[in-house]
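The primary structure of each chain is shown beneath.
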Amino acid sequence: MANYTIGDMVYESRRARGYSQEELSFGICSTSSLSRIENGSQIPGRKIFEALMQRLGISDSLYSAYISKEEMEICRFVEKLVWSLERLDFAESERLVHELEGRLGKCHNLEKQYVSFAKANIFLHKTGDHGRFFELLLKTIRITMADFDPQKGIERRLLTFHEITILNNIAIELYNRGRKEEGLRLLFELKDYMETHIIDEQEKARKYPLVVYNISTRLGKLGRYEEAYSLCSQGIACCIEYSKLVILPYLLANKAYAAAELGRMEEAEKAFHQSIILLELCQKEECVEKIRQDVRVKYGFEV
């Protein structure tokens, strides 16, 4: 693709969405760099290009940019790291982090941010120290959002997919540290962001159900069952629409718990059965046994 086409595409998409150069570039590159990209005098590196596309809600797979072989190798390492964390394969994550750290001097802050996020999760897995984990998450998000304050939330920000993932983890830690209102508010802000901003549909399909699951879990703990039930229904619909089934059994279980607490036992029993079938297919036997025991003790029937 010719350089001017990349710049024109960024410029036209930004203007169409009503974003300023300052909003789009914040934490990714300087405003002057974005201006040069838009006028065709600067070729964006791969990670800068990806991040700009994510904030504009455009799949970067539709476009190409001139990148070096080294940049491409780093991108592949980061993609593998993302998948290893999603699988909770911390041994593989640690191996990939070790390989990537040797290249960090040549990486953009966006790669450094995800490596920092991976290291924080590996640290938590090894030590169970949630206090230090929370500090590491704040340090990580501030690589691109230098003035982030949990009490203020995301305010009027444009977010990359990695930032959404990190903020989701920060919200959970806030809630677990007793700052329940702040944690829930941040989760709702992420949910609202994905509903009101143009973002890549496939990435939304991966992240939206997870955020909804996290909100519904905490609403259930607070006894806000009607809200939890409604949110689970939204998350389930998203999973089915986009054939993203990883979070589906957990949303079904949360919906079942909420329905049971609301006295809708027939619907609860059906959702519990659906959840267990999917969890058994995924070989999540511990989760299956926990649900069965909960249902037996709390509601007096077998699933």
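Presented here is an overview of the structure given in this document. (Residues numbered from 1 in each chain as written. Predicted model: local features only at pLDDT ≥ 70, side-chain atom pairs only at ≥ 80, totals over all residues. Heavy atoms only, no water.)

**Observations concerning the overall build of the protein**
For the protein, the helix and strand inventory stands at 15 helices and zero strands. Oriented by its inertia axes, the alpha-carbon framework of the protein measures out at about 70 × 40 × 35 Å. When the 303 residues of the protein are sorted by exposure, 50% land in the buried category. Taking all contacts inside the protein whose residues are at least 6 apart in sequence as the whole, residues at least 24 apart take part in 62%. Total accessible area on the protein stands at roughly 14900 Å², and carbon and sulfur atoms take up 50% of it. For the protein, the separation between the mean place of its 43 positive charges and that of its 46 negative charges on side chains is 3 Å. (Helix = DSSP H or I, 4+ residues; strand = E, 2+ residues; numbered from the N terminus. Buried < 20%, exposed > 50% of the residue type's maximum accessible area, 1.4 Å probe, protein only. Contact = heavy atoms within 4.5 Å. Areas by Shrake-Rupley, 256 points an atom, 1.4 Å probe, with all protein chains shown as cover. Lys, Arg positive; Asp, Glu negative; His and termini not counted. Charge placed at Lys NZ, Arg CZ, Asp CG, Glu CD.)

**A look at the side chain of Asn-214**
In this structure, Asn-214 sits in helix α11 (residues 201-221). For Asn-214, a relative accessible area of 6% gives the class buried.

**Some thoughts on the environment of Arg-179**
In this structure, Arg-179 sits in the loop between α9 (161-176) and α10 (180-196). Using a relative accessible area of 27% as the deciding quantity, one classes Arg-179 as partly exposed. On a C-alpha basis, the gap between Arg-179 and His-98 in space is 34 Å, while along the polypeptide they are 81 residues apart. Contacts of Arg-179, omitting those with residues within four sequence positions, involve Phe-134, Pro-150, Gln-151 and Leu-174.

**Examining the packing of aromatic side chains**
In the structure shown here, the tally under the stated rule is five aromatic pairs. When the centroid spacing of 5.1 Å and the interplanar angle of 85° are considered together, the rings of Tyr-257 and Phe-272 count as edge-to-face. Here Phe-272 lies in helix α14 (residues 265-281) and Tyr-257 lies in helix α13 (residues 248-261), a separation of 15 residues in the sequence. Each member of the pair Tyr-257 and Phe-272 is classed as buried. Taken together through their ring pairs, the aromatic side chains of Tyr-257, Phe-272, Tyr-299 and Phe-301 make up a single cluster. Its end group placed over the ring of Trp-83, Arg-206 keeps NZ or CZ at 5.2 Å from the ring centre. If you follow Arg-264 out to its NZ or CZ, it ends over the ring of Tyr-229, 4.7 Å from the centre. (Phe/Tyr/Trp six-rings, centres within 6.5 Å; stacked < 30°, edge-to-face > 60°. Lys NZ or Arg CZ within 6 Å of the ring centre and 35° of its normal.)

**Some remarks on helix α4 (residues 46-56)**
Where burial is concerned, most of α4 is hidden: eleven out of the eleven residues are buried. Those residues of α4 not exposed but buried are Arg-46, Lys-47, Ile-48, Phe-49, Glu-50, Ala-51, Leu-52, Met-53, Gln-54, Arg-55 and Leu-56. Trailing α4 by a residue or two, Gly-57 shows a phi angle of about 75°, which is positive.

**Considering the side chain of Thr-160**
For Thr-160, the location among the structural elements is in the loop between α8 (130-141) and α9. Not counting the four nearest positions on each side in its chain, Thr-160 is found in contact with Ile-28, Ala-51, Gln-54 and Arg-55.

**Considering the packing of α9 against α11**
At a minimum axis distance of 11 Å, the contact between α9 and α11 shows a crossing angle of 10°. Judged on the interaxial angle alone, α11 and α9 are roughly parallel. Along its contact with α9, which presents Phe-161, Ile-164, Thr-165, Asn-168, Ile-172, Tyr-175 and Asn-176, the element α11 presents Glu-203, Lys-207, Leu-210, Val-211, Asn-214, Arg-218 and Lys-221. The class makeup of the residues in the contact of α9 with α11 is six nonpolar, four polar and four charged. (Axes fitted to C-alpha atoms, helices over the stretch in contact; angles between N-to-C directions. Parallel < 35°, antiparallel > 145°, perpendicular 65-115°, else oblique. Nonpolar A, V, L, I, M, F, W, Y, C, P; charged D, E, K, R; others polar.)

**Thoughts on the packing of α10 against α11**
Where α10 meets α11, the closest approach of the two axes is 10 Å, and the angle between their N-to-C directions is 150°. As the angle between them shows, α10 and α11 are arranged roughly antiparallel. Note that α10 runs across α11; the crossing there is left-handed. The residues of α11 that touch α10, namely those facing Leu-184, Leu-187, Phe-188, Leu-190, Lys-191, Met-194 and Glu-195, are Lys-204, Lys-207, Tyr-208, Val-211, Val-212, Asn-214, Ile-215, Arg-218 and Leu-219. Across the contact of α10 with α11, the residue classes tally to ten nonpolar, one polar and five charged. (Left-handed = near helix turned anticlockwise from the far one by under 90°.)

**Looking at α13**
Compared with the 20 Å implied by 1.5 Å per residue over 14 residues, the 20 Å span of α13 between its first and last C-alpha is a close match. Of all 14 residues in α13, twelve are buried, a share of seventy percent or more. Considered for burial, the residues of α13 that qualify are Leu-248, Pro-249, Leu-251, Leu-252, Ala-253, Asn-254, Lys-255, Ala-256, Tyr-257, Ala-258, Ala-259 and Ala-260. Positioned one or two residues after α13, Gly-263 has a phi angle of 85°, which is positive. (Expected span 1.5 Å × (residues − 1).)

**Notes on the pattern of salt bridges**
Counted under the stated rule, the structure contains 21 salt bridges. Notably, a salt bridge pairs Arg-14 with Glu-38, separated by 2.6 Å at the nearest N-O pair. Of this pair, Arg-14 sits in helix α1 (residues 3-17) while Glu-38 is found in helix α3 (residues 31-38), placing the two residues 24 residues apart along the sequence. For the pair shown, Arg-14 and Glu-38 are each scored as buried. Put simply, Arg-132 and Glu-135 hold a salt bridge, and the shortest N to O gap is 3.0 Å. Of the two residues, Arg-132 and Glu-135 both sit in helix α8, three residues apart, roughly one turn of that helix. Judged by its relative accessible area of 37%, Arg-132 falls in the partly exposed class. (Salt bridge = Lys/Arg side-chain N within 4 Å of Asp/Glu carboxyl O.)

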